[in-house]
Amino acid sequence: MNAFQQEMVELLPRLRRFGRVLTRDRSDADDLVQITVERALMREDQWTPGTRLDSWMFRIMKNAWIDETRARKRRDVVLAPEAAGLGIGDDGAARAERRLEVAEVERELMRLPEDQRLAVALVLVEGLSYREAASVLETPEGTLTSRLVRGRNAILARLGGEGSAA
Amino acid sequence: MSKITDEMIARYVDGELDAEGVAAVDAAVAADPALGARIVRESHLRAVAARALGDVLTEPVPERLRQAVEASARSAEIIKLDFKKPRGGPVAPAPAKPSRLPAWAAAAACLVVGLLVAQAFGMIRTKPFETAPRAGQPASAALTVALDRKLSGEAGLVHVGFSFRDSGGQACRTFQIDRTAGVACRREQGWSVRMAADAPTAPPGGRGDYRMAASATPPAVLEAVDVMIVGEPLDRPQEIAARKAGWK
């Protein structure tokens, strides 16, 4: 394997995570990762070394998912988030409380409409900058920002307590 | 009411706001506790969301996915070989590294800014422990913003006490966030928290009493500074110069 492929192997866990945000389904997510890897390898010449491989592959993955959903339209039937099988391991009572909170945020994230879900996931979960996230989604930064704000407000409002002030 | 928009709050928490905006938010927070609470909540969300779906990162990657990379790699190499003869040695695919996660997890921890201090903010409302900035950890986005841009004594959620240089000549600053006080020093990659301790009282926040800053610093922090400091604390002009130079 060359450095490109090695880096890709190291990215697999994060690709799988972003796949779950996109598909909201474990096995669909892994199928999508596989398609993404195959496309990325075919397009190695389109990647500029020195730039972020993660953003580049997230973008390929997002487009692969668009193709996939077009192919099976019925997918728009809303998947109950619980059915997505987001596992919460129970290792240790000490961490239980904290994990519950993470699980709540995860659940609310998965309930967001797709455009907000992807914006929130790229910035808050994947830690991309606004500019990088906008390039993954191929939208202007302003669009990304407003999706991000709406998604965040929705999560906070649903998690109760003091929501958005505005 | 303040004219701080949702977008400004998001950018503030995500470290995407320019210096002018940060100053505006800090000023508004000083006059509007509800806004402060909102920012704490947003920071906490950021910290928690950074751990969302974390299980995926630690579970083994299915073999078929690793094979997808390697298999395509192999056919790609063969095609290359057909076109231009060897560019190196034999092309036997290297065995994949068995370890997958730890290196990644560490990288993620560094990438995900906002975590530690956002947690520190979170502690205002929730559990005290998992939240505070800890010694040896990189500073989060919010702390970084404050350490980079604020002069000592300025109001805001993060309070910077004073600045000094350590034996390596690097800039260090004392800080306090809610009930956690500490010292962070500038390293090549950013600010690193060198020590952190519980602080008995909330930071002086918002009343312009900045000469109080040093005397309000908890004794544990002052002791740490004593060990680290070379020379005197920076005075205001030195601090401004250091800020201009990026604290290098």
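Our subject is the structure that appears above.
What you see is a predicted model; the values in this text were computed from it and never measured.

Colleague: Help me get a handle on the overall build of chain A, residues and values and all.
Modeller: The helix and strand tally for chain A stands at seven helices and zero strands. By residue count, 50% of the 166 residues in chain A fall in the buried class. Considering only contacts within chain A whose residues lie at least 6 apart along the sequence, 66% involve residues at least 24 apart. Of the roughly 7,400 Å² of accessible surface on chain A, a fraction of 50% belongs to carbon and sulfur atoms.

Colleague: So, the overall build of chain B: which residues are in play, and what are the values?
Modeller: When its secondary structure is counted, chain B shows 10 helices and five strands. When contacts within chain B are restricted to residue pairs at least 6 apart in sequence, long-range pairs at least 24 apart make up 56% of them. Accessible area of chain B: about 12,100 Å², with a carbon and sulfur share of 59%.

Colleague: Run through the packing of helix α7 (residues 141–158) of chain A against helix α3 (residues 33–49) of chain B, naming residues and quoting values.
Modeller: One way to put it is that α7(A) packs onto α3(B) with a least axis distance of 11 Å and a crossing angle of 100°. With respect to their mutual orientation, α7(A) and α3(B) come out roughly perpendicular. Facing α7(A), whose interface residues are Arg152(A), Asn153(A), Ile155(A) and Leu156(A), α3(B) presents Arg38(B), Arg41(B), Glu42(B) and Leu45(B).

Colleague: Outline the packing of aromatic side chains, listing residues and values.
Modeller: Scanning the model with the defined rule gives six aromatic pairs over all chains in all. Summarising the aromatic geometry, the rings of Trp47(A) and Trp56(A) are spaced 6.4 Å apart at their centres and angled 45° between planes, so their arrangement reads as tilted. Consider the rings of Phe162(B) and Phe164(B), whose centres lie 6.3 Å apart with planes at 45°: the pair is tilted. Overall, Phe162(B) belongs to the buried group, its relative accessible area being 11%. The class for Phe164(B) is buried, based on a relative accessible area of 0%. Among the aromatic residues, those joined into a cluster by ring pairs are Phe4(A), Trp47(A) and Trp56(A).

Colleague: Any chance you could break down the sheet that holds strand β3 (residues 180–187) of chain B for me, citing the residues and the numbers?
Modeller: Residue and element names in this part refer to chain B. Read from one edge to the other, the open sheet built from five strands follows the order β4-β3-β2-β1-β5, with strand pairing classed as antiparallel. Edge positions in the sheet fall to β4 (190–198) and β5 (229–230), since each of these pairs with one other strand and no more. Relative to strand β2 (residues 171–177), strand β1 (residues 158–166) runs antiparallel, the two sharing six bridges. Bridge pairing in β2 places phenylalanine 164 opposite cysteine 172.

Colleague: Please set out helix α1 (residues 3–23) of chain A residue by residue, giving values where relevant.
Modeller: Residue and element names in this part refer to chain A. Helix length check: α1 (21 residues) gives 29 Å between terminal C-alpha atoms against 30 Å at 1.5 Å per residue, within 8%. At leucine 11, α1 shows its largest bend, some 50°, and a proline, proline 13, comes one to four positions later. Counting buried residues along α1, 17 of its 21 residues qualify, which places the element largely inside the surrounding structure. Its side-chain oxygen at 3.1 Å from the backbone nitrogen of phenylalanine 4, asparagine 2 defines the N-terminal cap of α1. Among the residues trailing α1, arginine 24 stands out with phi positive, at a value near 55°.

Colleague: Account for the nonpolar core, with residues named and values stated.
Modeller: One finds Val37(A) and Met57(A) to be the most contacted residues of the largest nonpolar core, which totals 59 residues. The leading source of residues in this core is α1(A), at nine residues. Dropping the residues within four chain positions of it, Val37(A) is found in contact with Met8(A), Leu12(A), Met57(A), Ala68(B) and Val69(B). Ranked by size, the runner-up nonpolar core spans 15 residues in total, among them Ala146(B), Leu147(B), Trp191(B) and Ala242(B).

Colleague: I'd love a proper account of the pattern of salt bridges, names of residues and values included.
Modeller: Evaluated as defined, the whole model comprises 28 salt bridges over all chains. Across the pair Arg152(A) and Asp14(B) runs a salt bridge whose closest N-O atoms are separated by 2.8 Å. Of this pair, Arg152(A) sits in helix α7 while Asp14(B) is found in helix α1 (residues 6–14), placing the two residues in two different chains. Take Arg152(A) and Asp14(B): they sit in the same class, and that class is buried. The salt bridge partner of Arg152(A) is Glu42(B), with a shortest N-O separation of 3.0 Å.

Colleague: How would you explain the packing of helix α5 (residues 114–125) of chain A against helix α6 (residues 130–137) of chain A if you had to name every residue and give the values?
Modeller: Residue and element names in this part refer to chain A. Viewed as axis vectors pointing N to C, α5 and α6 meet at an angle of 140°, and their least axial separation amounts to 9 Å. By the angle between their directions, the pair α5 and α6 is classed as oblique. Once α5 is placed against α6, the crossing between them reads as right-handed. Facing Leu118, Ala119, Leu122 and Val123 of α5, the residues of α6 in contact are Tyr130, Ala133, Val136 and Leu137. Of the residues in the contact of α5 with α6, the class split is eight nonpolar, no polar and no charged.

What counts and how
Residues numbered from 1 in each chain as written. Chains lettered and ligands numbered in written order. Predicted model: local features only at pLDDT ≥ 70, side-chain atom pairs only at ≥ 80, totals over all residues. Heavy atoms only, no water. Helix = DSSP H or I, 4+ residues; strand = E, 2+ residues; numbered from the N terminus. Buried < 20%, exposed > 50% of the residue type's maximum accessible area, 1.4 Å probe, protein only. Contact = heavy atoms within 4.5 Å. Areas by Shrake-Rupley, 256 points an atom, 1.4 Å probe, with all protein chains shown as cover. Axes fitted to C-alpha atoms, helices over the stretch in contact; angles between N-to-C directions. Parallel < 35°, antiparallel > 145°, perpendicular 65-115°, else oblique. Phe/Tyr/Trp six-rings, centres within 6.5 Å; stacked < 30°, edge-to-face > 60°. Pairing = 2+ DSSP bridges. Expected span 1.5 Å × (residues − 1). Bend = angle between axes of the 7 residues up to and from the residue. Polar contact = N/O pair within 3.5 Å; in protein donor to acceptor, adjacent residues only side chain to side chain. Core = buried A, V, L, I, M, F, W, Y, C linked by side-chain atoms within 4.5 Å. Salt bridge = Lys/Arg side-chain N within 4 Å of Asp/Glu carboxyl O. Left-handed = near helix turned anticlockwise from the far one by under 90°. Nonpolar A, V, L, I, M, F, W, Y, C, P; charged D, E, K, R; others polar.

Functional significance is not addressed by these values, which are geometric in nature.
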